[in-house]
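Here are the chains, one letter per residue:
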Amino acid sequence: MAMTKRGGHGVRKRPADLLAGVDQDRPFPRFPLTDEQWEIIVKLSGIPKKAEEARHHIETTIGIFRQFQAGDLDQVSSAKIREELESLADAAQNLHDRLTDFAGPHQSEHLPSSVQSMMGLDGQRRLSQVLDVLLRLPKWLLVAKYRGVEAKKGGPQAGNVYWLVGNLDGIREQFTGKKITRSYKDDLSKKYITYVCRIADPDIGDGTIDKAMRSRIKRRDRIRRSVD
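Residues numbered from 1 in each chain as written. Predicted model: local features only at pLDDT ≥ 70, side-chain atom pairs only at ≥ 80, totals over all residues. Heavy atoms only, no water.

**Some words on the packing of aromatic side chains**
Evaluation of the coordinates by the stated rule reveals one aromatic pair. Seen from their ring centres, phenylalanine 68 and tryptophan 163 are 5.1 Å apart, and the 70° between their planes marks the pair as edge-to-face. Of this pair, phenylalanine 68 sits in helix α3 (residues 52-73) while tryptophan 163 is found in helix α8 (residues 158-176), placing the two residues 95 residues apart along the sequence. For tryptophan 163, a relative accessible area of 28% corresponds to the partly exposed category. In this structure, arginine 66 is placed above the aromatic ring of phenylalanine 31, and the distance from its NZ or CZ to the ring centre is 4.3 Å. (Phe/Tyr/Trp six-rings, centres within 6.5 Å; stacked < 30°, edge-to-face > 60°. Helix = DSSP H or I, 4+ residues; strand = E, 2+ residues; numbered from the N terminus. Buried < 20%, exposed > 50% of the residue type's maximum accessible area, 1.4 Å probe, protein only. Lys NZ or Arg CZ within 6 Å of the ring centre and 35° of its normal.)

Structural data, given as structure tokens:
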């Protein structure tokens, strides 16, 4: 069985791996936390242990995040799309050449009379139109390859992590009044966010989490300035 492509932290997950354990039989998917995980989250976040609503919000956030990640894994990379467009261009050129040879006068005279009747003036006109399209098609496909496909890697996108971090911060703020700050003393925020992010996806790197936290702070600052 072929191995999946390796990522920075191990074998890249398949969509089915990311959705394992996610309860999808509800309007919003939920990833149930174990009691041990919830106790650690309570300790790091300051959320009351009996706040079941907060627990459900975090579980739902993780479930939706995993669904996002699985959906991104199903997307085809730009490189693969370009490769397919180039193959289609080659196939279109090959088909044009074969039809040109088929329609040549030295070929048509050897065809059965029934086929020759189809190759009358009307048939030749239609064939000429098809050949005209096929002549241009390879160029159109190659233009699409180089200009129409944005450079985007396949697989989960960092924006999903930014969304996850923003939601986790918002949930804690709702139930404790605490939120991510720039303070070097705010170590528990990072530990709480990092711990839940690793439950959602163990392959999320520290650098991505840090960037997502800084982005959350900047976004909150922009909103506050716009209100003031």
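Having seen the structure, we can now continue with the description.
**Quick notes on a positive patch on the surface**
There is a patch of like positive charges on the surface, built from Lys211, Arg214, Lys218, Arg219, Arg222 and Arg225. Within the secondary structure, arginine 219 sits in helix α10 (residues 206-227). (Patch = residues over 30% accessible without salt bridge, like charges linked within 9 Å, V, L, I, M, F, W, Y side chains within 5 Å. Areas by Shrake-Rupley, 256 points an atom, 1.4 Å probe, with all protein chains shown as cover. Salt bridge = Lys/Arg side-chain N within 4 Å of Asp/Glu carboxyl O. Lys, Arg positive; Asp, Glu negative; His and termini not counted. Charge placed at Lys NZ, Arg CZ, Asp CG, Glu CD.)

**As for the nonpolar core**
Of all hydrophobic cores here, the largest spans 30 residues; its most connected members are Ile58 and Ile193. If you list the elements that add at least two residues to this core, you get α2 (35-45), α3, α8, α9 (187-200) and α10. The biggest single contributor to this core is α9, with six residues. Setting aside residues up to four positions removed in sequence, isoleucine 193 forms contacts with Val165, Leu168, Asp169, Ile180, Ile209 and Met213. (Core = buried A, V, L, I, M, F, W, Y, C linked by side-chain atoms within 4.5 Å. Contact = heavy atoms within 4.5 Å.)

**Considering the pattern of salt bridges**
The final tally for this structure, using the stated rule, is eight salt bridges. Between glutamate 39 and lysine 49 there is a salt bridge, with its nearest N and O atoms 3.5 Å apart. Of this pair, glutamate 39 sits in helix α2 while lysine 49 sits in the loop between α2 and α3, placing them 10 residues apart in sequence. The salt bridge partner of aspartate 169 is arginine 216, with a shortest N-O separation of 2.8 Å. Residue aspartate 169 is found in helix α8, and its partner arginine 216 is found in helix α10; the two are separated by 47 residues along the sequence. In this pair, the class of aspartate 169 matches that of arginine 216, namely buried.

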